[in-house]
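Chain by chain, the residues run as shown.
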Amino acid sequence: MIFQINNKYKKPKKSEVLEFQNIPVSMISDSMGNLNTMDSGINMMFKDKKVCGPAVTVTTRTGDFLSVLKALEISTKGDVIVIDSNSSPDTANWGEITTMEAKNKQLAGIVIDGFFRDYNEISEMDFPIFARGTSPRVANRNNLGEVNVSINCGGAVVNAGDLVVGDSDGVVVIPTNKVKEVLVQTKKLLKYEEKIKKYITEGGNQVDYFKLDKLRNNLLKNYNKL
């Protein structure tokens, strides 16, 4: 069925969402081998406004945001609206009034593969927005899109309910069925990095820690065989 609005999907547990709120996006990305990491064009628009919550996904017709408004209507506290604007050129799919409504619903934030407007007004609202930038050009409200379907946002596949985490480094997406696994792996990685930091603090270097001279010599041997 085209132009669908899906209201049946799984979300991660609130306790899992809370744990990821204090984990750097870079560590989550590392734990997933850089998979499900959005491209560097999608950035935190307001300083220190991290986002973490289950996705409500939206795909829009180019230059239109009717489906965004529908997603906003059906979203619930703690959700993150994730918008695939289908490469709308310099058209804002979000603004001051939509932010007001989102704050009233206590949403966790917005991620847009596209643009928003009313930067100054939103900057005073304490609300996380991740986007490609700003544009004054308003979108239409005349065409159907889809809500809570599989979308592509910044090169990452996002499904309804997936856990979206964004900070000053960028945005990662954790599939709902892998949240527990990624949490365990990320915690292991954080402990491993603490060991490296301790080693460096005590005067060590990464070449010795990772035995990179041995690796370099092996690479040279293979190169000289060519």
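Residues numbered from 1 in each chain as written. Predicted model: local features only at pLDDT ≥ 70, side-chain atom pairs only at ≥ 80, totals over all residues. Heavy atoms only, no water.

Caption draft 1: Quick look at the pairing of strand 3 (residues 80-84). The element strand 3 is largely enclosed, with a buried count of 5 among its 5 residues. Burial of strand 3 is two-sided: the residues Val80, Val82 and Asp84 facing one way and the residues Ile81 and Ile83 facing the other way are all buried. When strand 2 (residues 51-59) meets strand 3, the two strands line up parallel, connected through 5 bridges. Bridging from a neighbouring strand, Val58 pairs with Ile83 of strand 3. Each parallel crossover has a hand, and for strand 2 linked through helix 3 (residues 66-74) to strand 3 it is right-handed. Relative to strand 4 (residues 109-113), strand 3 is paired through 5 bridges, and the arrangement is parallel. When the bridges of strand 4 are listed, Asp84 appears paired with Asp113. Handedness of the β-α-β unit built from strand 3, helix 4 (residues 96-104) and strand 4 comes out right-handed. (Buried < 20%, exposed > 50% of the residue type's maximum accessible area, 1.4 Å probe, protein only. Helix = DSSP H or I, 4+ residues; strand = E, 2+ residues; numbered from the N terminus. Pairing = 2+ DSSP bridges. Right-handed = clockwise from strand over helix to strand, strands pointing away.)

Caption draft 2: Representation of helix 6 (residues 179-201). Here helix 6 spans 32 Å end to end across 23 residues, near enough to the 33 Å set by a 1.5 Å rise per residue. For helix 6, the set of buried residues is Val179, Val182, Leu183, Thr186 and Ile196. Downstream of helix 6 by one or two residues, Gly203 has phi in the positive range, about 105°. (Expected span 1.5 Å × (residues − 1).)

Caption draft 3: Summary view of a nonpolar patch on the surface. Taken together, the side chains of Tyr192, Val207, Phe210, Leu212, Leu215 and Leu219 present a nonpolar region at the surface, about 510 Å² in accessible area. With 3 residues, the single largest contributor to the nonpolar patch is helix 8 (residues 212-224). Residue position: Val207 is located in helix 7 (residues 206-209). (Patch = residues over 30% accessible without salt bridge, like charges linked within 9 Å, V, L, I, M, F, W, Y side chains within 5 Å. Areas by Shrake-Rupley, 256 points an atom, 1.4 Å probe, with all protein chains shown as cover. Salt bridge = Lys/Arg side-chain N within 4 Å of Asp/Glu carboxyl O.)

Caption draft 4: Expanded view of the packing of aromatic side chains. Evaluated as defined, the whole model comprises 6 aromatic pairs. For the pair Phe46 and Phe116, a centre-to-centre distance of 6.0 Å together with 65° between the ring planes defines the contact as edge-to-face. Of the two residues, Phe46 is situated in the loop between strand 1 (43-44) and strand 2 and Phe116 in strand 5 (residues 115-116); the sequence distance between them amounts to 70 residues. Comparing Phe46 with Phe116, the two get one shared label, buried. Through successive ring pairs, a cluster of aromatic residues spans Tyr192, Tyr199, Tyr209 and Phe210. (Phe/Tyr/Trp six-rings, centres within 6.5 Å; stacked < 30°, edge-to-face > 60°.)

Caption draft 5: Looking closely at the nonpolar core. In terms of nonpolar packing, the biggest core is built from 22 residues, with Ile81, Ile83, Trp94, Ile110, Ile112, Phe116 and Ile129 touching the most fellow members. Among the elements of the structure, strand 2, helix 3, strand 3, strand 4 and strand 6 (129-131) are those that each provide at least two residues to this core. For this core, the element with the highest residue contribution is helix 3, accounting for 3 residues. Once residues lying within four places of it in the same chain are set aside, the contact partners of Ile129 are Asn43, Met44, Met45, Phe46, Trp94, Thr99, Ile110, Ile112, Phe116 and Ile122. (Core = buried A, V, L, I, M, F, W, Y, C linked by side-chain atoms within 4.5 Å. Contact = heavy atoms within 4.5 Å.)

Caption draft 6: Highlighting unusual backbone geometry. Of note, the phi angle at Asn34 is positive, near 70°, even though the residue is not glycine. Residue position: Asn34 is located in the loop between helix 2 (25-31) and strand 1. Residue Asn34 is classed as exposed on the basis of its relative accessible area, which comes to 53%. The backbone phi angle of Asn148 is positive, close to 60°, even though this residue is not glycine. Looking at the secondary structure, you find Asn148 in the loop between strand 8 (146-147) and strand 9 (151-153).

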